[in-house]
Structures are given as C-alpha cells and as structure tokens.
Amino acid sequence: MRFSYAEAMTQASYYAPLAQAAEAAGYTSMTVADSLIYPKESDSKYPYTDTGDRAFLDCKEFIETMILCAHIFAQTTTLRLTPFVHKLPIRPPVLVAKQASSLAFLSDNRLGLGVGLSPWPEDFDAMGVEWARRGKRMDECLDILKGLTTGEYFRYSGEFFEIDELKQCPGATEPIPLLIGGHADAALRRAVRKGNGWMHAGGDGEELDRLLTRLAEIRAEEGDTRDDFEVHVISYDAYTLDGIKRLEDKGVTDCIVGFRIPYIMGPDPEPLQKKVDALNSYADTIISKANG
C-alpha cells in the first residue's frame, strides 16, 4: 500500500515544510488542491459536504496548482505529488501538457496528474469555456495530454481542439500517470478508458464499496487487466492495520490520509508543528507496520 498525505486550505507557507516532513516520514505522495476563483455570488453547491455550502472556501490561500507543485518539488527529492484534482477542461490542454511535462522532467518523474471536471459553472465562465459538453472536452484534453507529454510530434483533430503537428521539448522521460477524479459512472469509465487510475473524493464506506465494485465491473467490461492501474481512496479504514488490509483486498493501491477537517470558516488555526506531529504519528503507527 502507498500513502498520500492530504493537507488543503491551510497557510501557503506550510506546504513545503509539510511535504519535507511527509517525505521523511515515509509517505509516497502528497496531494495538491486546485482552486482558481471564488465568486462573490454563486448558487453552486459544494458536492462533498452535507449542506453544499461553499463559504468555507472564501479567503483560503490556494496557490495555483502547477506553481505549488514546482515549489514543493524544488524542496523534496523523492515525494510524489498528485493534484487532487486539477480542473482540466477549463484550461488550454496544450498549456497543461507543457506544464506537466516540465514538472515531470524537473522532478525526475514524480508527478501523478490527478484531473477532473470542475463542479463550478463559474470556473468555466471565468476562463471563457462553455459548460455544455464538458465531459467530451475533458476526453479531448486527456488525448492531447497523452500525445504532447511524450515529447514527440503530435497532431489532433477533435470537436473542440485542432492541433497541427507539433511537439514540446523536453517531454516527460516516463509516461505521466493520468488519475481521473469523479464519482459519476462516466468518470469511472473515463478513468479506465483514458486514464491510468481513479481518485476517490470521499464519502461513507458503503458508497466507496459501491464505487469500487462499479470500477471493477467497468474494468472487466473494457478488458482492462493492467497491474499498474492506480486506485486512490479516502477511507476511515486507512487508519487501522486491519482496515488497510481490507482496502488492499478491494484493489486499493493508495490511501489518502489527513488529520483534520478542512471545511471550516476562516484561516486554519492549527499550528505547523501539530500537523507534523500528526503525520509522524500516523507514519509510526500505520505506515511502518503496513509496509514492514
């Protein structure tokens, strides 16, 4: 089992020292959140809280995802980073491909690119992108990422994008894993057809079991027998050794763990040292034994 440390919506100055602490403690990776804007007025609901309220996002220090990855990569040596998740279809895919290749090249292939659909129509409006048919746009973006990050010549003709033959240098020296987020059936199938893995966004154990069962069904339907297909989940089972074994038996490859509830109003009041102590405690009691 691999372990990803998740810490979002905290002070931006904490991310580098937390990444260094996670690397030293034995975590495989760290997740990096993505948020572009916070609209003053919105009817949109946050999909991962009971009430749908999104006010807790106001004034949080979100550093642009790729810039934060570069910052953390420069101060670590082995830690993998997994954007969780990068809102792909609101961005120009040629630019994202260049950013991803550059990060992979400079970090010695430590980028696992988590991508997904933004749940906010306002994100699409702000970036001048249509909300309609965003799933199809996402599929085309994934095709372009796969083609351009190789560093070889690539052309593309789709409904949304037309790219004459071109290449970007340097390409990634190894394929960049594309990890698809989302709980809809279309997202699960996209993870199998277009991606190298799936990222779970949270929820109760019963819902996670349903999603894992459905993911396995889709993989069987698509004839996918890859041994390196990644399944990243958030689960209370990740906090006990018996639970880790249950997750492994269900095909989970990566546990995403955090040690506080981030959905609070205002700045994160938790001191840096308390966060470091928490991630170290988990490493001592779970990671060292699970992989010992």
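Fair warning: this is a prediction, and the values are worked out from it, not measured in the lab.

1. Digging into the sheet that holds strand β10 (residues 230-233)
- Across the sheet, 9 strands lie side by side as β3-β2-β1-β11-β10-β9-β8-β5-β4; this open sheet has parallel pairing. The open sheet has two edge strands, β3 (80-83) and β4 (86-87), and neither has a second partner.
- In this structure, strand β1 (residues 2-5) lies alongside strand β2 (residues 29-32), joined through 2 bridges in parallel fashion. Residue tyrosine 5 lies in a different strand from β2, and its bridge partner there is methionine 30.

2. Some details on the packing of helix α1 (residues 15-25) against helix α9 (residues 272-290)
- Put simply, α1 and α9 touch, their axes get as near as 10 Å, and they point 20 degrees apart. Taken as axis vectors, α1 and α9 run roughly parallel relative to one another. The two elements α1 and α9 meet at a crossing, and its hand is right-handed. Here Pro17, Leu18, Ala21, Ala22 and Ala25 of α1 come into contact with α9, specifically with Leu272, Lys275, Val276, Leu279, Asn280 and Ala283.
- When its residues are assigned to classes, the contact of α1 with α9 shows 9 nonpolar, 1 polar and 1 charged.

3. Details of the environment of valine 257
- Along the chain, valine 257 falls in strand β11 (residues 254-257).
- Of the residues examined, valine 257 reaches a relative accessible area of 0% and is grouped as buried.
- In this structure, the C-alpha to C-alpha distance between valine 257 and valine 233, residues 24 residues apart in sequence, is 8.8 Å.
- Those residues in contact with valine 257 that lie beyond four places of it in its chain are Ser4, Tyr5, Ala6, Tyr27, Ala238, Tyr239 and Tyr282.

4. Considerations on the packing of aromatic side chains
- In this structure the tally under the stated criterion is 13 aromatic pairs.
- Ring geometry for tyrosine 46 versus tryptophan 120: centroids 5.9 Å apart, planes at 25 degrees, classification stacked. Of the two residues, tyrosine 46 is situated in the loop between β2 and α2 (65-73) and tryptophan 120 in the loop between β5 (113-116) and α4 (121-126); the sequence distance between them amounts to 74 residues. Each member of the pair, tyrosine 46 as well as tryptophan 120, is classed as buried.
- Here the aromatic cluster, defined as three or more aromatic residues joined through ring pairs, consists of Phe3, Tyr5, Tyr27, Tyr239, Phe259 and Tyr282.
- Positioned above the aromatic ring of tryptophan 120 is the side chain of arginine 54, whose terminal nitrogen or guanidinium carbon lies 3.8 Å from the ring centre.
- For the cation-ring pair, arginine 134 lies above tryptophan 131, with the distance from its terminal atom to the ring centre recorded as 3.6 Å.

Cut-offs and rules
- Residues numbered from 1 in each chain as written.
- Predicted model: local features only at pLDDT ≥ 70, side-chain atom pairs only at ≥ 80, totals over all residues.
- Heavy atoms only, no water.
- Pairing = 2+ DSSP bridges.
- Helix = DSSP H or I, 4+ residues; strand = E, 2+ residues; numbered from the N terminus.
- Axes fitted to C-alpha atoms, helices over the stretch in contact; angles between N-to-C directions.
- Parallel < 35°, antiparallel > 145°, perpendicular 65-115°, else oblique.
- Left-handed = near helix turned anticlockwise from the far one by under 90°.
- Contact = heavy atoms within 4.5 Å.
- Nonpolar A, V, L, I, M, F, W, Y, C, P; charged D, E, K, R; others polar.
- Buried < 20%, exposed > 50% of the residue type's maximum accessible area, 1.4 Å probe, protein only.
- Phe/Tyr/Trp six-rings, centres within 6.5 Å; stacked < 30°, edge-to-face > 60°.
- Lys NZ or Arg CZ within 6 Å of the ring centre and 35° of its normal.

That is the geometry; function is a separate question.
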